[in-house]
Amino acid sequence: MNLFFQEMPASELAPKAVQETPPPGKDPLIAQGLQKEQYIGIIGLAIALVAAVGFFSRRVEYAIGLAVILSASLIALFLLL
């Protein structure tokens, strides 16, 4: 018996599709209303990272702060152009 040409039962060949359709205008794959919490969490993690690094070395903390400020200003500049 050659496994490459083995017959499969009809039930396994049938497509497994979801029959239910989402309501119009609302995509179930896009998260709704989670963006604020994500931004708050990211900002909190960034503050904690700078504080933890600043605990060990003040110069590195200043370097990270300067890099963040320069990055934000360059991003704002490029978005306005």
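Residues numbered from 1 in each chain as written. Predicted model: local features only at pLDDT ≥ 70, side-chain atom pairs only at ≥ 80, totals over all residues. Heavy atoms only, no water.

Novice: Now, about the packing of aromatic side chains: what can you tell me, with residues and values included?
Specialist: Counted by the stated rule, this structure contains one aromatic pair. Taking 5.2 Å as the distance between ring centres and 80° as the angle between the ring planes, the aromatic pair formed by Phe55 and Phe56 counts as edge-to-face. In this structure Phe55 comes out as exposed when scored by relative accessible area, which is 67%. Classification of Phe56 as exposed rests on a relative accessible area of 70%. (Phe/Tyr/Trp six-rings, centres within 6.5 Å; stacked < 30°, edge-to-face > 60°. Buried < 20%, exposed > 50% of the residue type's maximum accessible area, 1.4 Å probe, protein only.)

Novice: How would you sum up the packing of helix 2 (residues 35-56) against helix 3 (residues 58-80)? Please name residues and give values.
Specialist: Their axes nearest at 6 Å, the elements helix 2 and helix 3 cross at an angle of 150°. The angle between helix 2 and helix 3 places the two elements in the roughly antiparallel class. Contacts between helix 2 and helix 3 involve Val50, Val53, Gly54 and Phe56 from the former and Arg58, Val60, Glu61 and Ile64 from the latter. Of the residues contributing to the contact of helix 2 with helix 3, the split by class is five nonpolar, one polar and two charged. (Axes fitted to C-alpha atoms, helices over the stretch in contact; angles between N-to-C directions. Helix = DSSP H or I, 4+ residues; strand = E, 2+ residues; numbered from the N terminus. Parallel < 35°, antiparallel > 145°, perpendicular 65-115°, else oblique. Contact = heavy atoms within 4.5 Å. Nonpolar A, V, L, I, M, F, W, Y, C, P; charged D, E, K, R; others polar.)

Novice: Can you tell me about the pattern of salt bridges, naming the residues and giving the values?
Specialist: A full pass over the atoms with the stated rule returns one salt bridge. Glu61 is the salt-bridge partner of Arg58, the closest N and O atoms lying 2.8 Å from each other. Placement of both Arg58 and Glu61 in helix 3 is noted, with a separation of three residues, approximately one turn of the helix. Look at Glu61 and you get buried, because its relative accessible area is 17%. (Salt bridge = Lys/Arg side-chain N within 4 Å of Asp/Glu carboxyl O.)

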